[in-house]
Amino acid sequence: TMQQGWQPLETAGLQPRAHYRHAAAIVGAHMYVFGGRTHGGRLPEGVRVLSLLTCEWTAPEVEGALLPRSAHTMDSWRHMVVLFGGHRKREYLNDVALLDTHNLCWVMPADGDEGAQLNRSQGDGVPAARAYHSATLIDNTLYVFGGEGARGLLAPDVHALDLLTLKWRRDQCSGSVPPPVR
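None of the values given here were measured: they were computed from a predicted structure. (Residues numbered from 1 in each chain as written. Predicted model: local features only at pLDDT ≥ 70, side-chain atom pairs only at ≥ 80, totals over all residues. Heavy atoms only, no water.)

A. Seen up close, the overall build of the protein. Regarding its fold elements, the protein presents zero helices and 17 strands. By residue count, 44% of the 182 residues in the protein fall in the buried class. Restricting the contact set of the protein to residue pairs at least 6 apart, pairs at least 24 apart contribute 46%. Accessible surface computed for the protein: about 11,100 Å², of which carbon and sulfur atoms make up 50%. (Helix = DSSP H or I, 4+ residues; strand = E, 2+ residues; numbered from the N terminus. Buried < 20%, exposed > 50% of the residue type's maximum accessible area, 1.4 Å probe, protein only. Contact = heavy atoms within 4.5 Å. Areas by Shrake-Rupley, 256 points an atom, 1.4 Å probe, with all protein chains shown as cover.)

Encoded structure:
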């Protein structure tokens, strides 16, 4: 009979220090963990990977630099991890980065506007910088909802990023909008 409930997982390898406000995403049989804060308030650097088959942690060298952060989101898309936003020291972020898990490198996508970084795009669809938001990926679209920005809680808006065209849009939703909560 299978027991219900949580059970500790015995792991080996280069285990990460205890931290919080990090994000994780699963691609294949691996869980990728990035960011967060240690109990001393530091922003840990680097990516940690847990093999879900062997229960072994590794700290692979990942090409490219991505600013350490906390309170961001990560979602799986194909063989990539899509990272959005977060908080770094006193700065809220609205950048997008892709972790290519085949080549172990960070990719900062351009939006087709003469190589401009995606987070520098203009228009109504680009979400304000935010942390403590939620995000999910459906098909080829990343949906971002709510969160907190430099001026406090953000409106409960929904932004969508088409990962094939790298274009943001702001979706108009119907029904009762949930109130911002703290």
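B. Up close: the sheet that holds strand β7 (residues 56-58). Taken together, the five strands give an open sheet; going across it, the order is β1-β7-β6-β4-β3, and neighbouring strands pair in mixed fashion. Taken across any chain shown, the strands that pair with only one partner, and hence form the sheet edges, are β1 (12-13) and β3 (23-27). Strand direction decides the pairing type here: β3 and strand β4 (residues 30-34), joined by five bridges, are antiparallel. Following the sheet pairing, A25 is matched in β4 by Y32. (Pairing = 2+ DSSP bridges.)

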